[in-house]
Amino acid sequence: MMNGVLLGTIAIGVTGGLLAWRERPEPGSVPLAVMLAAQCLWSATLVFKLQATTFGAKIFWLNMSWIGVAVIPVAWLLFSLEYSGYTKYVRFRYIAPISIVPTITIGLALTYQYHDLIYLSEQLVESGAVSTPQAAGIWYWVSGAYTYLLGIAGIIPLLGLVRSDVQAFQGQSSAILVGLLVPWVTNALYLMEAMPTNGVDPTPVAFSISGIAYLGAVTRFQLFKTNPSPKRYARHLVFDQMQEGALVLDNNDYIVGMNDSAAHALNTTRTEALGSPADANFSSNLFHSHDTSKSDQTIIHTTDGNRSYDISMTRITDFRNRTIGRVITLHEITEYLQQQQQLEVLNRVFRHNIRNKTQVIVGNADQIETNDTVDQVEKVIGSAMEIEAIGQKMREVIDVFEQRRTHSNPLKLHNLLDEIITATRENHPAVSIEYEPGSDELYVPEMLEVVFSNVIENAVIHNTHPEPHVRIEVSADDKTAQITTKDNGPGIDDQELLVLERDTETPLEHGSGLGLSVIAWATDIADGEVTFEANEPTGTIVTVNVPIQSTPTQE
Amino acid sequence: MKNEQETQSNVHEQPNPQIEQLLNRLLRQPQRVWRVLEYSSAYMGLIAAAEVISVMLVLSLPQSTAPLVAGLVTFTIYANDRLTDVDSDELVNTARSEFVRQHRQELYILAAMSYGLALTLAALGGPLAFGLSVIPGCLWVLYAVDWVPNPTLGFGRLKEILFLNSALVAAAWAATIVFLPIAVTEAPIDSASVVLFLYFFFGTFIGAEVSNVRDVVGDRAIGVATVPVVFGIHRTRYILQALNLLNLAILLVALSSSIFSLSALVALATGLVGPAVVIWLLGRVQNERGLSLALEYSRIPVLITLPILSF
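This write-up is about the structure you can find in this document. A quick note: this is a predicted structure, and the numbers were derived from the prediction, not measured.

Rules used throughout
- Residues numbered from 1 in each chain as written.
- Chains lettered and ligands numbered in written order.
- Predicted model: local features only at pLDDT ≥ 70, side-chain atom pairs only at ≥ 80, totals over all residues.
- Heavy atoms only, no water.
- Helix = DSSP H or I, 4+ residues; strand = E, 2+ residues; numbered from the N terminus.
- Buried < 20%, exposed > 50% of the residue type's maximum accessible area, 1.4 Å probe, protein only.
- Areas by Shrake-Rupley, 256 points an atom, 1.4 Å probe, with all protein chains shown as cover.
- Contact = heavy atoms within 4.5 Å.
- Salt bridge = Lys/Arg side-chain N within 4 Å of Asp/Glu carboxyl O.
- Core = buried A, V, L, I, M, F, W, Y, C linked by side-chain atoms within 4.5 Å.
- Axes fitted to C-alpha atoms, helices over the stretch in contact; angles between N-to-C directions.
- Parallel < 35°, antiparallel > 145°, perpendicular 65-115°, else oblique.
- Left-handed = near helix turned anticlockwise from the far one by under 90°.
- Nonpolar A, V, L, I, M, F, W, Y, C, P; charged D, E, K, R; others polar.
- Pairing = 2+ DSSP bridges.
- Patch = residues over 30% accessible without salt bridge, like charges linked within 9 Å, V, L, I, M, F, W, Y side chains within 5 Å.
- Buried area = accessible area lost by both parts, 1.4 Å probe.
- Polar contact = N/O pair within 3.5 Å; in protein donor to acceptor, adjacent residues only side chain to side chain.

Some words on the overall build of chain B
Here's step 1: The helix and strand tally for chain B stands at 15 helices and 0 strands.
Here's step 2: By residue count, 44% of the 311 residues in chain B fall in the buried class.
Here's step 3: Just so you have it, chain B exposes about 15,900 Å², and 65% of that area is on carbon and sulfur atoms.

This is the structure in structure tokens:
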């Protein structure tokens, strides 16, 4: 009878093991296949023990059965860890220490004749006078306790899945737990001698029920087809790698979680920020302004003015709906704000400047029709040329925007400035232009051509001084080139500078043209900075700081 | 009236569609059964079982479950092989590949259950029979899986090493076929069983290398060293004919040493005719798949002649 049942467990174990083996590399498939193989070995050795006719053969197969007995709990724990997503523990550095006790057990079983750590008397075991537990040595109980310890350790991660919101995982983990508990309970009853088995350990028989449970998990609940293992990593992955910065604050506003984007936004590291008060990070002069005026948005800007963030807050609640913390997300909107300002300027140019000039043309054309005066003809021509100039500026703007997306070639700064200054001198011979070139080997982004031509053009064209003078100086350190343009003209209107500084325009507060905007935008795209100061006694000092680029390679 | 006669004559001339359908079905049924047997590799299990019976006849062993175990194990291994190579099989044997793809799930479960049953029956036959039945399964795992993870150690898959690949398959097959019935019946291993092992070993080795001929291009591309890849078709013919003749020589030595009876030798020798013809045709006919199949059936004359000559 027992022989037949044990044979049945072999058939079920082999079938289940092969089905699990096919699912490689799904998490848990290999440990499950190993566990079922060990169970088959255990059953087979017990069958051979029952078939054996000599005492030596019986003891040999009894000892061989320890291999299966020792491997099963290790394989079970590894299966549970892999299946529930703790794959980082399924590595040699963890497998080796948990395999020490089973290895010693196998070693002691194979050398049983030299000690009584496994059996006090193997003759008693096999004579049928007593069962194995009655004649068990000290290591028998150590091994048994260790087996139960690993069994419980393997159950813990599965218990969480039984309560999973995914029905398939509930079914899978329930079936697996049944598969585990039946042999464990059977073994416990055997050890307590609550089962009449004539000294034969019925545990592998219980494994046939395990086999059916595992097969049920495979076929009915799609074990290996759908698996909870990625869930553990996915949540971390989404949080860590999301483009938005995310901070988790506890109820006392201490930072308890943070991703790399948030660390970058707060100009800190995760190690430094975690565990520190959120206020300390937000008010360390990093963020200089909060703007909550626009709709529900809260926008913050870094002090260097380089980055702006839209922040939002989400409450974290427990199952009783009590707030236990908050998640703050930082969405960088620097580029969005820049584009918004650029659109405002372009909108103003089209809506205001071109309409004004068109009205001048229409008005003067009417007068030409009636009066036919030379003065009005000049005004028409002048307005038309201004529209042409606006068109030219618009093309420059488009080129600058285009270079944001495409690679910008480095140009030699001296050649660039020399060319612009020579052309300006030819067109405006009355203006004295002084040029103090720096190093001859400075390279800057190509798009700065439009910056320097506009800066020099503004300094020359709008200069109403009786002795107009412009001085251009170049200096540099290892990383940055500084180009300073000083003129003695009337200076830039404060309104124009205010609009540039605010990065926004309103119908009442706006600039007069595109020149200054083009200078600011192109410098920004080239990762540079531009500042405007008043010159003494009159005029403007425009300072452009730009990163020096490496020498272009010869093709 | 005339129309009526014509109608009647038409009725007589036209075959009954129901009978025709039944005939078609009866004719199609064996074809369908054979298709299932061939594509699922169940026929390999049948051949293995028949070969074990032939071993039992030659060695005069009592009846046992050995043929059933061998058949089930063989079916498992070949079915798994079909499943593993389903993609590469598509170019060589589209219909079989399509069948395997369509019944992938059922075939795998059937193979798994078959191996489970085989090991259970083998366990009944004792530890040796059980071990012999486990070995082909273990070798199948080693054969198909990258068992040495670090390729810099110089070991690749066993499949990629010249001679060793076919030798492993041949040894596993021959050991199962010859020693399984011996183990189950607890008979002693004698000279006759060793000769039979060599007979099946060389026969299977030749079969494996003949199959490799049609895979030369693919094997070369993936770096698998087979006899046709390394030596070319022409020299492969000589090597395989030499092995076939060696097999015959072993049988003759066995006869001269009175290990086998003349009737057993004649029966076993009929199994060497097919391989000799197939090897001669290698590279001379285009139907390499047909040659492989012919080789697989080349031991059928043994199975037919052996019982006739034995009684």
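Some thoughts on the overall build of chain A
Here's step 1: Along its length, chain A carries 19 helices and 13 strands.
Here's step 2: When contacts within chain A are restricted to residue pairs at least 6 apart in sequence, those whose partners lie at least 24 apart make up 60%.
Here's step 3: Counting every atom, chain A has about 28,700 Å² of accessible surface; 56% of that belongs to carbon and sulfur.

Topic: the pattern of salt bridges
Residue and element names in this part refer to chain A.
Here's step 1: On inspection of all chains with the given rule, the structure shows 8 salt bridges over all chains.
Here's step 2: Between Lys486 and Glu473 there is a salt bridge, with its nearest N and O atoms 3.8 Å apart. One end of the pair, Lys486, is in strand 11 (residues 480-487); the other, Glu473, is in strand 10 (residues 469-476), and 13 residues separate them in sequence.
Here's step 3: Classification of Lys486 by relative accessible area gives partly exposed; the value is 29%.

Describing the nonpolar core
Here's step 1: By size, the foremost hydrophobic cluster in this structure holds 133 residues, and its most contacted members are Trp76 of chain A together with Leu196 and Phe260 of chain B.
Here's step 2: Residue contributions to this core peak at 14 residues, all from helix 3 (residues 55-83) of chain A.
Here's step 3: When residues no more than four places from it in sequence are discounted, the contact partners of Trp76 of chain A are Met35, Leu150, Gly151, Gly154, Ile155, Leu158, Ile176, Leu180 and Tyr214 of chain A.
Here's step 4: If you look at the next biggest cluster of nonpolar residues, it comprises 44 residues, including Val397, Phe401, Ile456 and Val518 of chain A.

A closer look at the packing of helix 4 (residues 66-84) of chain B against helix 7 (residues 104-124) of chain B
Residues and elements named next belong to chain B.
Here's step 1: Contact pair helix 4 / helix 7: the axes reach a minimum separation of 8 Å and the direction vectors enclose 150°. With respect to their mutual orientation, helix 4 and helix 7 come out roughly antiparallel. Viewed along their axes, helix 4 and helix 7 form a crossing whose handedness is left-handed. Note on element contacts: helix 7 touches helix 4 through Arg104, Leu107, Tyr108, Leu110, Ala111, Ser114, Tyr115, Leu117, Ala118, Leu121 and Ala122, opposite Leu68, Val69, Leu72, Val73, Phe75, Thr76, Ala79, Asn80 and Leu83.

Quick look at the packing of helix 9 (residues 164-184) of chain B against helix 10 (residues 191-214) of chain B
Between two packed helices, the angle of one axis relative to the other and the distance separating the axes together describe the packing.
Residue and element names in this part refer to chain B.
Here's step 1: At their nearest, the axes of helix 9 and helix 10 sit 8 Å apart, and the two run at 145° to each other. Crossing handedness for the pair helix 9 and helix 10: right-handed.
Here's step 2: Taken together, the residues of the contact of helix 9 with helix 10 sort by class into 17 nonpolar, 5 polar and 1 charged.

Some details on the environment of Thr65 of chain B
All names here are of chain B.
Here's step 1: Residue position: Thr65 is located in the loop between helix 3 (42-58) and helix 4.
Here's step 2: In sequence terms Thr65 and Leu180 are 115 residues apart; their C-alpha atoms lie 9.6 Å from each other.
Here's step 3: Residues in contact with Thr65, not counting those within four places in the same chain, are Leu121 and Val184.

A few points about the side chain of Glu209 of chain B
Residue and element names in this part refer to chain B.
Here's step 1: Structurally, the position occupied by Glu209 is in helix 10.
Here's step 2: For Glu209, a relative accessible area of 0% puts it in the buried group.
Here's step 3: Ignoring anything within four residues of it in the chain, the contact list for Glu209 reads Asn165, Ser166, Thr226, Val227, Pro228 and Leu240.

Let's talk about the side chain of Ser65 of chain A
Here's step 1: In this structure, Ser65 of chain A sits in helix 3.
Here's step 2: When neighbours within four sequence positions are excluded, Ser65 of chain A is seen to be in contact with Trp42, Thr45 and Leu46 of chain A.

Regarding the pairing of strand 10 of chain A
All names here are of chain A.
Here's step 1: The pairing of strand 8 (residues 432-436) with strand 10 spans 5 bridges and is parallel. Counted as the bridge partner of Glu436 is Glu473 from strand 10.
Here's step 2: Relative to strand 11, strand 10 runs antiparallel, the two sharing 7 bridges. By the bridge assignment for strand 11, Val470 is matched with Asp487.
Here's step 3: Linking strand 10 back to strand 11 in an antiparallel pair, the connection comprises 3 residues.

As for a nonpolar patch on the surface
Here's step 1: On the surface, a cluster of nonpolar side chains totalling about 360 Å² of accessible area is made up of Leu181, Val185, Leu189 and Met192 of chain A.
Here's step 2: Turning to its location among the elements, Leu181 of chain A is positioned in helix 8 (residues 167-191).

Notes on the interface of chain A and chain B
Here's step 1: In this complex, chain A contributes 15 residues to the contact, which on the side of chain B involves 18 residues.
Here's step 2: Roughly 1,500 Å² is buried in total at the junction of chain A and chain B, and carbon and sulfur atoms are behind 77% of that figure.
Here's step 3: Taken together, the links from chain A to chain B amount to 0 salt bridges.
Here's step 4: Along the contact surface separating chain A from chain B lie 6 residue pairs in polar contact (both at pLDDT 80 or more).
Here's step 5: Of all the secondary-structure elements, those providing two or more residues to the side of chain A that touches chain B are helix 1 (2-22) and helix 2 (29-51) of chain A.
Here's step 6: In terms of residues, the side of chain A that touches chain B owes the most to one element, helix 1 of chain A, which gives 9 residues.
Here's step 7: Along the lines of polarity and charge, the residues of the side of chain A that touches chain B split into 11 nonpolar, 2 polar and 2 charged.

Considerations on unusual backbone geometry
Here's step 1: For the bond running from Glu536 of chain A to Pro537 of chain A, omega is -5°, close enough to zero to count as cis.
Here's step 2: Positionally, Pro537 of chain A belongs in the loop between strand 12 (529-534) and strand 13 (540-547).
Here's step 3: If you check the backbone angles, Asp527 of chain A has positive phi at about 65° while not being a glycine.
Here's step 4: With respect to the helices and strands, Asp527 of chain A occurs in the loop between helix 19 (515-525) and strand 12.
Here's step 5: Although it is not a glycine, Ser60 of chain B adopts a positive phi angle of roughly 55°.
Here's step 6: Here Ser60 of chain B lies in the loop between helix 3 and helix 4.
Here's step 7: For Ser60 of chain B, a relative accessible area of 62% translates into the label exposed.

Topic: the sheet that holds strand 10 of chain A
All names here are of chain A.
Here's step 1: Taken together, 5 strands build an open sheet; the order of strands is 8-10-11-13-12 and the sheet is mixed. Two strands lie at the open edges of the sheet, namely strand 8 and strand 12, each paired on one side alone. Shown here is a sheet whose adjacent strand axes are inclined to one another by a mean of 15°, direction ignored.
Here's step 2: The pairing of strand 12 with strand 13 spans 6 bridges and is classified as antiparallel. Residue pairing in the sheet places Glu529 in a bridge with Asn545 of strand 13.
Here's step 3: This element, helix 16 (residues 413-427), spans strand 8, strand 10 and strand 11 of the sheet and lies at about 170° to strand 8.

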